[in-house]
Amino acid sequence: MISIIMPVYNVEKYVDRAIRSVLAQTYQDYELLLIDNGSTDRSGEICDRWQGKTRKIIVTHLEKPGVSGARNWGLQHASGDYVCFVDSDDCVTENYLKALHDAIEEYQADVVKCDLAHDYGKGVPWRPSAETELLDRAGAIAHVLRTDTSMCDRLYRKSLFAGLRFPEQIRHAEDVYTLLNVLRLSSRIVVIHNCAYIYMHRKDSITTCTYNRNDRDVLRVWRRNYRYISETYPELEALARTRMLWSYCVMLDKMYLTGYDLHSEDARIIISVLRKNRKVIMRNNLYTKYRKLSIAALLVNKYFYYIFVYVQKYLFCPLNG
C-alpha cells in the first residue's frame, strides 16, 4: 500500500482539486492522510467532508506545526510500505501512483522519481515518455542538482524514514534538505517519464510571498548541501556550486520583485556573493542568457539588475536560472 501525505493550510480554493486528482488514480491500494495545519479558512471542513465519503481518507487537525511538522505526523501514522507527498495546491496525473509503484517494484528501487510539470494557469506543456533511467547515489544527487529538488515527484520506501524526519526548525528549503538525507540512504534510484506531478504556480503561495528572514533558510541549506556534496562527491563540486549560486540568484530576484530593502544586510551579502562569483556564472552553460545579463547588470549597478529580472519573469518566461 502507498501512504499519500498531504499537509493542508488555507487552500480552500485548491484542496478539492488536489484531493480529486488523488481519488482519480488508476492504482487504488492507497491511503490519503490529510493533515490540516491549523487552517483559518474552510480547508479543514473540506477535508472532513471528503473523509465522510471514503475510507481511503484519514484527516487530522493540528495547531500549525508547519509543513515539516505535518509531514512528520504523516510519516508517523502512515500504514503503507511506500510513501509519497502531495501538496494541497498541486495535483497529479491519473497514473501517478501506478507508474511509480510499478517502477519501484520492477527495479526494486528505494526511490522512484517522475516528471515535474508546471502549470502557470495556461495549461501543462508536458508529454509522457517511456524512457527510464537507473541511477546510483551519486547519479541521483547529480540529477537533483540539474533538475528539481521537490520531495513530491517521488515515491519512497517508507523504511528510509525509519530514523529520518523533516527538519521542523527550517521553514524554507526543507524539501531539498530532506531529499539529500534520503538519497544518502538509498542505493538504487529510478527516474521515469510516463507520469507527472503537476506543480501549480499561484501568486499567494509560500514560494511567491514577500522575502522575509525565513528565506535565509534557503541559503543556509544550499551552503550545507554544497559542503556535503563537494566533500563526498568531489566530481560534483562544480555542479553543487552552480546550484548554490542559483539559490542566491533566486533570493535576490525575490527581494527585487517584492520590494524588499536592497540596503539590508541580507541584500548586501547576496549581492556581494554574486559579484564575487560572476565568472563562475558567466562561464556556466546551465545559466540562461537572461541570468547572465542580469549578473552583468548587477556589476554596473544593483538597480539595473531589476530590469532583467522583470523582463525575464513577466515578458519571456518564469525565472529558472
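Residues numbered from 1 in each chain as written. Predicted model: local features only at pLDDT ≥ 70, side-chain atom pairs only at ≥ 80, totals over all residues. Heavy atoms only, no water.

Digging into the overall build of the protein
For clarity, the cut-off: Every helix listed is a DSSP run of H or I at least four residues long, and every strand listed is a run of E at least two residues long, numbered separately from the N terminus. Each residue gets one of three labels from its accessible area relative to the maximum for its type: buried under 20%, exposed over 50%, partly exposed in between, using a 1.4 Å probe on protein chains only. In this tally Asp and Glu are treated as negative and Lys and Arg as positive; neither His nor the chain ends contributes. Note that the charge is assigned to NZ on lysines, CZ on arginines, CG on aspartates and CD on glutamates.
Looking only at helices and strands, one finds twelve helices and nine strands in the protein. Each of the three principal axes of the protein carries a C-alpha extent, and together these read 60 × 45 × 35 Å. Burial statistics for the protein: of 321 residues in total, 55% are counted as buried. In the protein, which carries 45 positive and 38 negative side-chain charges, the distance between the mean positions of the two groups comes to 7 Å.

Structural notes on the packing of aromatic side chains
Stated precisely, the cut-off is as follows: Side-chain rings of Phe, Tyr and Trp, where Trp is taken by its six-membered ring, are said to pair if the distance between their centres is within 6.5 Å; with planes under 30 degrees apart they count as stacked, over 60 as edge-to-face, and otherwise as tilted. By definition, being over a ring means that NZ of Lys or CZ of Arg is both within 6 Å of the ring centre and within 35 degrees of the ring normal.
In the structure shown here, the tally under the stated rule is nine aromatic pairs. Between Tyr256 and Tyr305, the ring centres sit 5.0 Å apart and the planes meet at 45°, which makes this aromatic pair tilted. Of this pair, Tyr256 sits in helix 8 (residues 237-257) while Tyr305 sits in helix 12 (residues 304-316), and the two are 49 residues apart along the sequence. Of the two residues, Tyr256 and Tyr305, neither departs from the other in class, the shared state being buried. Considering the side-chain rings of Tyr256 and Tyr306, the 6.5 Å spacing of their centres and the 20° angle between planes classify their relative orientation as stacked. With Tyr256 in helix 8 and Tyr306 in helix 12, the pair connects residues that are 50 residues apart, well separated along the chain. Among the aromatic residues, those joined into a ring-pair cluster are Phe85, Tyr156, Phe161 and Phe166. In this structure, Lys56 packs its charged tip against the face of Tyr30, placed 4.6 Å from the ring centre. Its end group placed over the ring of Tyr228, Arg184 keeps NZ or CZ at 3.8 Å from the ring centre.

What about helix 8?
Our working definition: Each helix should span, by expectation, one fewer than its residue count multiplied by 1.5 Å.
Between its terminal C-alpha atoms helix 8 stretches 30 Å, which fits the 30 Å expected from 21 residues at 1.5 Å a residue. The element helix 8 is extensively covered by neighbouring structure, given that 15 of its 21 residues are classed as buried. Once helix 8 finishes, Gly259 follows within two positions and takes phi at roughly 75°, a positive value.

Here's the deal with the confidence of the model for the protein
Interpretation of this model should avoid reading the predicted coordinates in detail wherever pLDDT is low. Which entries qualify depends on this criterion: On a range of 0 to 100, pLDDT expresses the predictor's confidence in each residue. The criterion used for residue contact is that any of the two residues' heavy atoms lie within 4.5 Å.
Mean pLDDT over the protein: 92, with 95% of residues reaching 70 or higher. The model gives residues 316-321 a pLDDT under 50, and that stretch makes 18 contacts with residues more than four places away or in other chains.

Overview of unusual backbone geometry
Even without being glycine, Lys64 reaches a positive phi, approximately 50°. Relative accessible area serves as the criterion here: at 51%, Lys64 is assigned to the exposed category. One non-glycine residue, Gln108, adopts positive backbone phi at about 50°. Inspection of the secondary structure puts Gln108 in the loop between helix 4 (96-106) and strand 6 (111-119). Residue Gln108 is classed as exposed on the basis of its relative accessible area of 52%.

Re the side chain of Thr60
One can find Thr60 in strand 3 (residues 57-62). For Thr60, a relative accessible area of 14% translates into the label buried. Among residues more than four places away in sequence, those in contact with Thr60 are Leu34, Ile35, Asp36 and Trp73.

Notes on the pattern of salt bridges
Worth spelling out the cut-off: Salt bridges are defined as contacts in which a side-chain nitrogen from Lys or Arg sits within 4 Å of a carboxyl oxygen from Asp or Glu.
For the structure on display, the rule yields 15 salt bridges. Between Asp266 and Arg216 there is a salt bridge; the shortest N-O distance is 2.9 Å. With Asp266 in helix 9 (residues 265-276) and Arg216 in helix 7 (residues 216-232), the pair connects residues that are 50 residues apart, well separated along the chain. Judged by its relative accessible area of 8%, Asp266 falls in the buried class.

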